[in-house]
Amino acid sequence: MTSPDGNLFQQQEANRRRTTWLVIGFVLFFAWLGFGGDYILALATTDSGPHAYHHVFPWLGIVLTLTAIITARYAYKTGPEKVLWSTGAREVIDPQTDGERQLVNVVEEMAIAAGVARPRIWIVPDDDPNAFATGHGPGDSHIAVTQGLLSICNREELQAVIGHELGHVKNLDVRLMTTLAALVGAVLLVRDGMGRMMGGRSRISSRAEEGGKKGAGPLLAILLALWIISWVIAPLVTQLLALAVSRRREYLADDMSAQFTRNPLALASALAKIESATAPTTSIKRGAAHLCIADPLGRHFTNHEGWLGDVFATHPPMGMRIAKLKGMGYAQLKKEGGPFTNSALA
């Protein structure tokens, strides 16, 4: 299936390239924080006396990089279990109700359609409709849906939602988002820890002032100012990078669902029902918000279609997602020559 915007697989490849560059930018920003600090300290201590401290070895950059790698690795290995635990989800091993049996059947059907191993299935005890996927990849994945989603979706809509989540699994989105979430946490952890280790900004500033008095010049002052600003805005920058990846992946997962089910209108209908729910998904916390099919916190930024939503929202505007899916459904009906009514795209 192709979408009105072009070949689906071309879109996938384009999104993968964009995501790769976002991750590279993330790593380079982290490297600047570490090795940039080393360079500033080296400049500040170049003309120090023979018995004063001279910063030669780039320990700050090495410590920051190793800390980020260790933190990301730990979060990657334990992330899925921690996410599921935080939501209070229970695994569906032996389905007891008709709704649970239908959920298991739908997940098995869609896993075959997506060409991935059957994920483990979880239900979150929350009346607000939502769903998310987590895990390490197609061979080790989990899909969780809320009780509210099971209550409002018919079988076709449930298939579409599960197809969306399996799109995240098939494209390794779950692995990428776990790593990015870990790096966001690493920035906060490292910034606080290194601030205490180095005695805070005043200690660095005093060394810079001494270096300036001894001829280090305005370059040191400029670099120090940029470095301090980088530390201050680091959590915001890393969070924005993670959000940008999340928004791009939501569009791609919508397309994948349409490909698996050949029924984009079913996902459009499911998203409309999810959007109409007024209560936030209280069982899903801020740290897992980017994993969900819809923003569980009900923030207003998600509904903005301008730069404000593009910068701060975890998900694309629901109206734009629904409109795109309806356009795909119209194109499919027109191509197949099937019945078309205004109610189909209502």
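As a reminder, the structure under discussion sits directly above these lines.
Residues numbered from 1 in each chain as written. Predicted model: local features only at pLDDT ≥ 70, side-chain atom pairs only at ≥ 80, totals over all residues. Heavy atoms only, no water.

Participant: What exactly am I supposed to notice about the pattern of salt bridges here?
Facilitator: Charged atoms that come close allow side chains of opposite charge to pair. In total, this model carries 10 salt bridges according to the counting rule given. Salt bridges here are not isolated pairs; linked through shared partners, they connect E250, D254 and R321. (Salt bridge = Lys/Arg side-chain N within 4 Å of Asp/Glu carboxyl O.)

Participant: Would you explain helix α3 (residues 98-114) in this entry?
Facilitator: What sets the pattern is the α-helix's 3.6 residues per turn: residues three or four places apart point alike. Over its 17 residues, α3 runs 24 Å from end to end, which matches the ideal 24 Å to within 8%, given 1.5 Å per residue. When we look at burial in α3, the residues that qualify are E100, L103, V104, V106, V107, M110, A111 and A114. Seen along its axis, α3 keeps its buried residues to an arc of 165°; they face one direction. When the buried face of α3 is taken as reference, the exposed residues oriented beyond 90 degrees from it are D98 and I112. Of the residues one or two after α3, G115 is the one with positive phi, at around 75°. (Helix = DSSP H or I, 4+ residues; strand = E, 2+ residues; numbered from the N terminus. Expected span 1.5 Å × (residues − 1). Buried < 20%, exposed > 50% of the residue type's maximum accessible area, 1.4 Å probe, protein only. Arc of directions from axis to C-beta.)

Participant: What's the story with the side chain of T261 in this structure? I'm lost.
Facilitator: Looking at the secondary structure, you find T261 in helix α8 (residues 218-261). At 2.9 Å, the side chain of T261 forms a polar contact with the backbone oxygen of S257. A polar contact is formed between the side chain of T261 and the backbone nitrogen of N263, at a distance of 3.1 Å. With residues near it in sequence (within four places) discarded, T261 still touches M110, Q159 and A160. (Polar contact = N/O pair within 3.5 Å; in protein donor to acceptor, adjacent residues only side chain to side chain. Contact = heavy atoms within 4.5 Å.)

Participant: What is the right way to look at helix α11 (residues 318-336) in this model?
Facilitator: Taking 1.5 Å of rise per residue, 19 residues should cover 27 Å, and α11 covers 27 Å from first to last C-alpha, within 8% of that figure. All buried positions along α11 are accounted for by M318, R321, I322, L325, M328, G329, Q332 and L333. Buried positions in α11, seen along its axis, are confined to an arc of 135° and lie on one side of it. Turned more than 90 degrees away from the buried face of α11, the exposed residues are K334 and K335.

Participant: Got a minute to help me understand the pairing of strand β2 (residues 120-124) in this structure?
Facilitator: Each regular strand shows side chains that alternate between the opposite faces of the sheet. Taking burial as the measure, the five residues of β2 include four buried ones, the bulk of the element. Pairing analysis gives two bridges linking strand β1 (residues 90-91) to β2, with the strands arranged antiparallel. Opposite R90, over in β2, you have I123 as the bridge partner. (Pairing = 2+ DSSP bridges.)

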